[in-house]
Amino acid sequence: MTDKYAVIGNPIGHTKSPMIHGSFAEATGQDIDYQAIEGSLDRFSDDVHAFRKAGGRGMNVTAPFKLQAYALATERLERAELAGATNALKFEGDRIMADNFDGVGLTNDIQRNLGFLLKGSRMLVIGAGGAVRGALLPFLAQQPKLVVVANRTETKAIDLARQFAGHGDMQGCGYDDLAGERFDIVINGTSASLKGELPPLPAETLQGARLAYELAYGKGLTPFLRLAQNAGVPKLADGVGMLVEQAAEAFLWWRGVRPDTRAVIDRMTIPLV
Ligand code: ATR
């Protein structure tokens, strides 16, 4: 029998998840049906339970439901626990299990696809919202030399650094505090790019970096990536690889089979111009 999966969000029209999971299923010979569901803003849990009752086996969860999905779960894996948010649910009987693959997807993309090892590197992460929170534990697990989280609202960065302190060397600060600092890898996890804006980084922050990574996908050369390009950063990337890699992790969790990601990433990549 065909097993049912879905992505739930609102709005959901833009989602690439059915295409990605459809490609994975075809390539691995898995018999699944994967749909996009527009969740109702005030009845998210009803929508999830209705899908489960109709035979749903798992769901990806996207904005604005990642916190509600976390609250709905009966079991949470550590990554979801520390992120305080979930992007994937698995249903087994009465159990609703929650995980968060955004951070591991990003880490896999940086290391396996782009070829930059996090171990021993100096990392700067810009922003302290949900996207960054989900990435920190998988980053720290790779033993970077240092992870600095810088945010417009400095207190949020400092709180995050305090919360993750037991997992590695982390610091939180405001943008002004970055003056004179140098990093190997700089990741923009703010939503500024979605509005065509640029976090006010000191001019020299990107100089000497080897990789600049924009979590947003499909926005071309964003103000952040343009700044990196002008600073001479040799490798620029957007979040397409992260999107496909987190989907592959969810697919593995649900189906016990790891799909190959390369072909799907290549097909979805939009040139950074
Ligand atoms: P998400 O879940 O996508 O991370 P979020 O939790 O709303 O979204 O977080 C958005 C992040 O982008 C925050 O770090 C926010 O900074 P503040 O905490 O100071 O609000 C950051 N951000 C959004 N617009 C920005 C801008 N124009 N310049 C700098 N930072 C911005």
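Chains are numbered independently. Their residues run from 1 in the order of the written sequence. In keeping with the model being predicted, local features are shown solely for residues with a pLDDT of at least 70 and side-chain atom pairs are shown and tallied solely at 80 or more, while totals for entire chains, interfaces and linings include all residues. Excluded from the side-chain calculations are hydrogens and water; all other atoms, namely the structure's heavy atoms, are used.

Digging into the UniProt feature "domain: SDH C-terminal" (unreviewed entry) in the chain
UniProt positions are given in the numbering used here, feature names are shortened, and annotations may be inferred rather than shown by experiment. UniProt annotation of "domain: SDH C-terminal" (unreviewed entry) refers to residues 239-266 when read in the numbering used here. Here a helix means four or more residues in a row that DSSP labels H or I, a strand means two or more in a row labelled E, and each is numbered from the N terminus. Between the first and last C-alpha atoms of residues 239-266 the distance is 13 Å; the span itself is 75% helix and 0% strand.

Regarding the packing of helix α5 (residues 102-113) against helix α6 (residues 130-141)
As a packed pair, α5 and α6 sit with axes 7 Å apart at the nearest point and diverge in direction by 55°. Overall, the two elements α5 and α6 adopt an arrangement that is oblique. Once α5 is placed against α6, the crossing between them reads as right-handed. Contacts from Gly 103, Val 104, Leu 106, Thr 107 and Ile 110 in α5 reach Gly 134, Ala 135, Pro 138 and Phe 139 in α6. Any residue outside Ala, Val, Leu, Ile, Met, Phe, Trp, Tyr, Cys, Pro, Asp, Glu, Lys and Arg is labelled polar, Gly included; the first ten of those are nonpolar and the last four are charged. Along the lines of polarity and charge, the residues of the contact of α5 with α6 split into 6 nonpolar, 3 polar and no charged. Lines are fitted to the C-alpha atoms to define the axes, a helix being fitted only along its stretch in contact, and any angle between axes, read from their N-to-C directions, falls within 0 to 180 degrees. Roughly parallel means an angle under 35 degrees; roughly antiparallel means over 145; roughly perpendicular covers 65 to 115; every other angle is labelled oblique. Should the near helix be turned anticlockwise from the far one by less than a right angle, the crossing is left-handed, and should it be turned clockwise, the crossing is right-handed. Residue contacts are defined here by distance: any two heavy atoms, one from each residue, within 4.5 Å place the two residues in contact.

Here's the deal with the pattern of salt bridges
Oppositely charged side chains can pair when the atoms bearing their charge come close. For this document, the term salt bridge refers to a Lys or Arg side-chain nitrogen within 4 Å of an Asp or Glu carboxyl oxygen. As enumerated under the stated definition, the model contains 11 salt bridges in all. Residues Glu 92 and Arg 95 are paired through a salt bridge, measuring 3.4 Å at the closest nitrogen-oxygen approach. Put simply, Glu 181 and Arg 122 hold a salt bridge, and the shortest N to O gap is 3.1 Å. Taken together, the residues Glu 181 in the loop between β9 (170-173) and β10 (185-188) and Arg 122 in strand β7 (residues 122-126) connect sequence positions 59 residues apart. Given a relative accessible area of 34%, Glu 181 falls into the partly exposed group. Take Arg 122: its relative accessible area is 24%, and that puts it in the partly exposed class. A single salt-bridge network, built from bridges that share partners, covers Asp 3, Arg 57 and Arg 255. Burial status follows relative accessibility: with a 1.4 Å probe on protein chains alone, a residue under 20% of its type maximum counts as buried, one over 50% as exposed, and anything between as partly exposed.

What to know about the packing of aromatic side chains
Each aromatic ring pair is summarised here by two numbers: the centre-to-centre distance and the angle between the ring planes. Aromatic pairs are defined between Phe, Tyr and Trp rings, using the six-membered ring for Trp, whenever the two ring centres lie within 6.5 Å; interplanar angles under 30 degrees are classed as stacked, those over 60 as edge-to-face, and all others as tilted. Inspection of every chain in the model, using the stated rule, returns 5 aromatic pairs. Judged by centre distance (5.6 Å) and plane angle (75°), the ring pair of Phe 24 and Phe 251 falls under edge-to-face. Of this pair, Phe 24 sits in helix α1 (residues 17-28) while Phe 251 is found in helix α9 (residues 240-255), placing the two residues 227 residues apart along the sequence. Here Phe 24 matches Phe 251 in class, with each residue buried. Judged by centre distance (5.5 Å) and plane angle (70°), the rings of Phe 101 and Trp 253 are edge-to-face. Remark: Trp 253 occurs in helix α9 and Phe 101 occurs in the loop between β6 (95-99) and α5; sequence separation between them is 152 residues. Per residue, the accessibility class of Phe 101 equals that of Trp 253, and both read buried. Joined through ring pairs, the aromatic side chains of Tyr 5, Tyr 34 and Trp 254 make up one cluster.

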